[in-house]
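Topology and contacts: notes
Read off the chains here:
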Amino acid sequence: MDEKETILKISASPHIRSKNSTTGIMADVLIALLPATALGVWNFGIRAILLVLVCVVSCMVFEYLSELIMKRPTTVRDLSAAVTGLLLSLCLPVSLPFWMAILGSAFAIIVVKQLFGGIGQNFMNPALAGRCFLVMSFVGPMTHFTLDGITTATPLAQLRESGLHAISLKEMFLGTEAGTIGETSVAALLIGAAYLLIRRIIKLTIPLYYIFTFSVAILIYCWTQDMQLNDMFRFLLAHIFGGGLVLGAFFMATDYTTSPMSQDGKAIFGILLGILTFCFRIYGSSAEGVSYAIIICNLLVPLIEMITKPKAFGEGYEKKPMSENRGWITSVHLDENGQVIPDAKEKKGKMVRIVISICMIALLAGAMLGAVYAVTKKPIEDTAERKKQESYRAVMPDAASYSEDESVSMELLNQKAEEAGFDKVTLEGRTNAMDQDGAKLGTIWIITTHEGYAGDIKMAVGVKDGRITGVEMLSIGETTGLGMEARDNPAFRKQFLDKDVQAFSVVKTEPAAEDQIQAITGATITSKAVNGAVNTVLYMDRTEDGGLQDPEGGAEDE
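Note that the structure is predicted; figures quoted are calculated from it, not measured.

So, the overall build of the protein chain
The secondary structure content of the protein chain amounts to 19 helices and eleven strands. Taken over 558 residues, the protein chain has a buried fraction of 45%. Look at the contacts in the protein chain between residues 6 or more apart in sequence, and 65% of them connect residues 24 or more apart. Accessible surface computed for the protein chain: about 29600 Å², of which carbon and sulfur atoms make up 60%.

See the structure below:
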């Protein structure tokens, strides 16, 4: 054979002839992402271009170096690394430091893609894996969004904080809102999606089931909240236009490697995505949820394909013995069109095995968690106690010792607080702060407010002579970069200290009076929750053992 002739490796039939190549598909994806990239640059400025270039170049360099070290064929020219870099950059806030973007690119390419065999072998979308890695590692920078140089909350965060009146559907559709570089303009993303559909790079199955399931869940939720019909659809459109739903549905959930192959599998995949995204957005601590929904469903793809795998020709036969010496005759049951009729017993048995396997895994996981809990229970309790003592010192540093006050029932105090109008909090403990001579300096209250944005907030609040001496967060799960500033930003808590007031009120502008507290930007609900707890402590301290007398200004001024 002539050396110039190409040696072909023929695999087993059947064969599908296609003009598509990996490079061609990736080039089409890059072209489809250009409108969203251009709008992102228009919206956020020159730094957006630099961040995109950093991610794309980093991904290509890491792919080349990792394949060089692992002695694999170089695949940089197929543009898959460039697509990963561009997708990652479009999922990042424009203010993210470049070195963090490079670290995220390294995780996406080296850990998620190359360590598992390269293109076609990764178990989850590399770009989304890189983004989630950065969110878990650098919460503050990844949730710090700016627009025209001003720090602001994303439309979804504003929707959760302030309601429908705080957002503009038109601006969300066109892309003149805060967010990551590529998620703000739904119009640009839909143009790119249409290009991919016309070029037949993707099919509509996954995005359609994804968005439809999510929409149905949102509408049912709105119905349970007694929303007006107009508000229901505005709320739905806000969730579709906001965040990375469209970007994730058309550009990431449709990834060939990490999505099911069969049509039934794609449908199940899309439905699961819609349900998970709904749960994360409505009941989770973050206004987003697309990234984690897609990654979780990526991990479920093998199970989905196991259940939805179509029958191959010849499967489903029965074995009938002729005699002990003449062997076996196999018979296949066909329908009127000549298609194999699956064996019901075999299909049922397969499903039973799957269910048993899942149950065994769940039992094993439960046993392991139980064992871990038994081992760690005492250290966790010791850590909690140590944290409580540290919080005592933080909110009442002048005290020499602390003694829990058990002279009054907390149940009675909570009842009296509720009668006074403080029904959104729970008083959990009262501790006396003592000086060197054993005299009482002040009181430390452990209080939980139930008005937090993402759930309960447990706090330690010190009060002495009617003035707040300190506020510390014991347990808080608010939105990272927004509500978590109540814990991470001492300047917010210092506003309560050493002021002779009966009750504080929350304002969004610069405080004009001593009894006003400036809310955390984009976290008004969290600010009011903390403020309500502090006002409760002030009221309980003013009354004798939490008496029923209601002095002026007792309730929180909303």
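Details of the confidence of the model for the protein chain
Predicted coordinates in regions of low pLDDT should not be interpreted in detail. With 80% of its residues at a pLDDT of 70 or more, the protein chain shows a mean pLDDT of 81. Contacts from residues 322-330, a stretch scored under 50 in pLDDT, to residues over four places away or in other chains number twelve contacts. Low pLDDT, under 50, characterises residues 545-558; the predicted model gives this stretch 37 contacts beyond four residues in sequence or across chains.

Some points on the nonpolar core
With 85 residues, the main nonpolar core has Leu92, Phe251 and Leu273 as its most contacted residues. Sequence-distant contacts of Leu273, that is, excluding residues within four places in its chain, are made with Ile206, Tyr210, Ala253, Ala293, Ile294 and Cys297. Formed by 37 residues, the second largest nonpolar core is a distinct cluster that contains Met459, Ala523, Ala533 and Val537.

Overview of the sheet that holds strand β9 (residues 467-475)
Note on sheets: strands pair through backbone hydrogen bonds, and any given pair is parallel or antiparallel. Spatially, the five strands line up as an open sheet ordered β5-β6-β7-β8-β9, and their pairing is antiparallel. With partners counted over all chains shown, the strands left at the sheet margins are β5 (401-404) and β9, one partner each. Across the sheet, the axes of successive neighbouring strands diverge by a mean angle of 25 degrees, strand direction being ignored. Both strand β7 (residues 440-449) and strand β8 (residues 457-464) contribute to a ladder of seven bridges, which runs antiparallel. Its bridge partner lying in β8, Ile444 is registered against Gly462.

A word on empty space enclosed by the protein
Overall, the coordinates contain one cavity of 30 Å³ or more when judged by the stated rule. Size it by volume and the largest cavity reaches roughly 50 Å³. In this structure, the largest cavity is lined by Pro155, Met172, Glu177, Ala178, Glu183, Thr184, Phe241, Gly242 and Gly243. Here the lining of the largest cavity is composed, by residue class, of four nonpolar, three polar and two charged.

Focus on helix α4 (residues 98-113)
For α4, spanning 16 residues, the distance from its first C-alpha to its last is 21 Å, which sits close to the expected 22 Å at 1.5 Å a residue. If you check which residues of α4 are buried, you get Met100, Ala101, Gly104, Ser105, Ala106, Ala108, Ile109, Val112 and Lys113. Residues of α4 that are buried sit in contact with α2 (46-69), α3 (80-90), α5 (126-137) and α6 (139-142).

A word on the environment of Val216
Examined against the element boundaries, Val216 turns out to sit in helix α10 (residues 205-224). Along the chain, Val216 and Phe278 lie 62 residues apart, while their C-alpha atoms are 9.6 Å from each other.

So, α3
The buried fraction of α3 is high, at eleven of eleven residues. When we look at burial in α3, the residues that qualify are Ser80, Ala81, Ala82, Val83, Thr84, Gly85, Leu86, Leu87, Leu88, Ser89 and Leu90. Tucked inside the fold, the buried residues of α3 contact α1 (22-44), α2, α4, α5 and α12 (245-252).

A short note on the packing of α10 against α12
At their nearest, the axes of α10 and α12 sit 9 Å apart, and the two run at 150 degrees to each other. Viewed along their axes, α10 and α12 adopt a mutual orientation that is roughly antiparallel. On α12, the residues touching Pro207, Tyr210, Ile211 and Phe214 of α10 are Leu245, Ala249 and Phe250. Its residues placed into classes, the contact of α10 with α12 shows seven nonpolar, no polar and no charged.

Overview of the side chain of Asn43
You can see Asn43 is positioned in helix α1. With residues near it in sequence (within four places) discarded, Asn43 still touches Leu147, Gly175, Thr176, Glu177 and Thr184.

Focus on the packing of aromatic side chains
Enumeration over the complete set of coordinates arrives at ten aromatic pairs. A centroid spacing of 4.6 Å and a plane angle of 55 degrees characterise the contact between Phe116 and Phe123, whose relative ring orientation is tilted. Note on Phe422 and Tyr539: the rings are 5.3 Å apart at their centroids and 35 degrees apart in plane angle, and the pair reads as tilted. Pair noted here: Phe422 is in the loop between α16 (410-419) and β6 (425-434) and Tyr539 is in helix α19 (residues 524-542), with a separation of 117 residues, a long-range link. Taken individually, Phe422 and Tyr539 each receive the classification buried, so the pair is uniform in this respect. It is Arg47 that lies over the ring of Phe98; its NZ or CZ is 4.3 Å from the centre.

Here's the deal with the pairing of β9
Of the strand pairs in this sheet, β8 and β9 are connected by seven bridges, and their pairing is antiparallel. Looking at β9, one finds that Val461 is bridged to Val471. Counting the residues that bridge the hairpin from β8 to β9 gives two residues, and of these Asp465 lies at a positive phi of roughly 55 degrees.

A closer look at the layout of surface pockets
Put simply, the largest pocket is a space of about 1100 Å³. Counting only elements with at least two residues in the lining of the largest pocket, the list comes to α1, α3, α5, α10 and α12. Across the lining of the largest pocket, the residue classes tally to 17 nonpolar, 13 polar and five charged.

What to know about the pattern of salt bridges
Tallied over the entire structure, the rule returns seven salt bridges. Glu472 is the partner of Arg493 in a salt bridge, and the nearest nitrogen-oxygen pair spans 3.8 Å. Here Glu472 lies in strand β9 and Arg493 lies in helix α18 (residues 490-494), a separation of 21 residues in the sequence. Taking the relative accessible area as the measure of exposure, Arg493 reaches 11% and is therefore buried. Residue classification places Glu472 among the partly exposed residues on the basis of a relative accessible area of 25%.

Observations concerning the packing of α10 against helix α13 (residues 263-283)
At a minimum axis distance of 7 Å, the contact between α10 and α13 shows a crossing angle of 35 degrees. In this structure, α10 crosses over α13, and the sense of that crossing is right-handed. In terms of residue class, the contact of α10 with α13 is built from 15 nonpolar, six polar and two charged.

Considering a nonpolar patch on the surface
A cluster of nonpolar residues, Val57, Val61, Tyr64, Leu65 and Leu68, forms a patch on the protein surface that exposes about 430 Å² of accessible area. Looking at the secondary structure, you find Leu68 in helix α2.

Topic: the environment of Val139
Mapped onto the elements of the fold, Val139 is located in helix α6. When neighbours within four sequence positions are excluded, Val139 is seen to be in contact with Leu134, Thr480 and Gly481.

Cut-offs applied
- Residues numbered from 1 in each chain as written.
- Predicted model: local features only at pLDDT ≥ 70, side-chain atom pairs only at ≥ 80, totals over all residues.
- Heavy atoms only, no water.
- Helix = DSSP H or I, 4+ residues; strand = E, 2+ residues; numbered from the N terminus.
- Buried < 20%, exposed > 50% of the residue type's maximum accessible area, 1.4 Å probe, protein only.
- Contact = heavy atoms within 4.5 Å.
- Areas by Shrake-Rupley, 256 points an atom, 1.4 Å probe, with all protein chains shown as cover.
- pLDDT = per-residue confidence, 0-100.
- Core = buried A, V, L, I, M, F, W, Y, C linked by side-chain atoms within 4.5 Å.
- Pairing = 2+ DSSP bridges.
- Axes fitted to C-alpha atoms, helices over the stretch in contact; angles between N-to-C directions.
- 1 Å grid on protein atoms, 1.4 Å probe; cavity = no way out; pocket = protein on both sides within 12 Å on 5 of 7 lines; lining within 4 Å.
- Points joined across faces, edges and corners; volume = space filled by probe spheres on them.
- Nonpolar A, V, L, I, M, F, W, Y, C, P; charged D, E, K, R; others polar.
- Expected span 1.5 Å × (residues − 1).
- Parallel < 35°, antiparallel > 145°, perpendicular 65-115°, else oblique.
- Phe/Tyr/Trp six-rings, centres within 6.5 Å; stacked < 30°, edge-to-face > 60°.
- Lys NZ or Arg CZ within 6 Å of the ring centre and 35° of its normal.
- Salt bridge = Lys/Arg side-chain N within 4 Å of Asp/Glu carboxyl O.
- Left-handed = near helix turned anticlockwise from the far one by under 90°.
- Patch = residues over 30% accessible without salt bridge, like charges linked within 9 Å, V, L, I, M, F, W, Y side chains within 5 Å.

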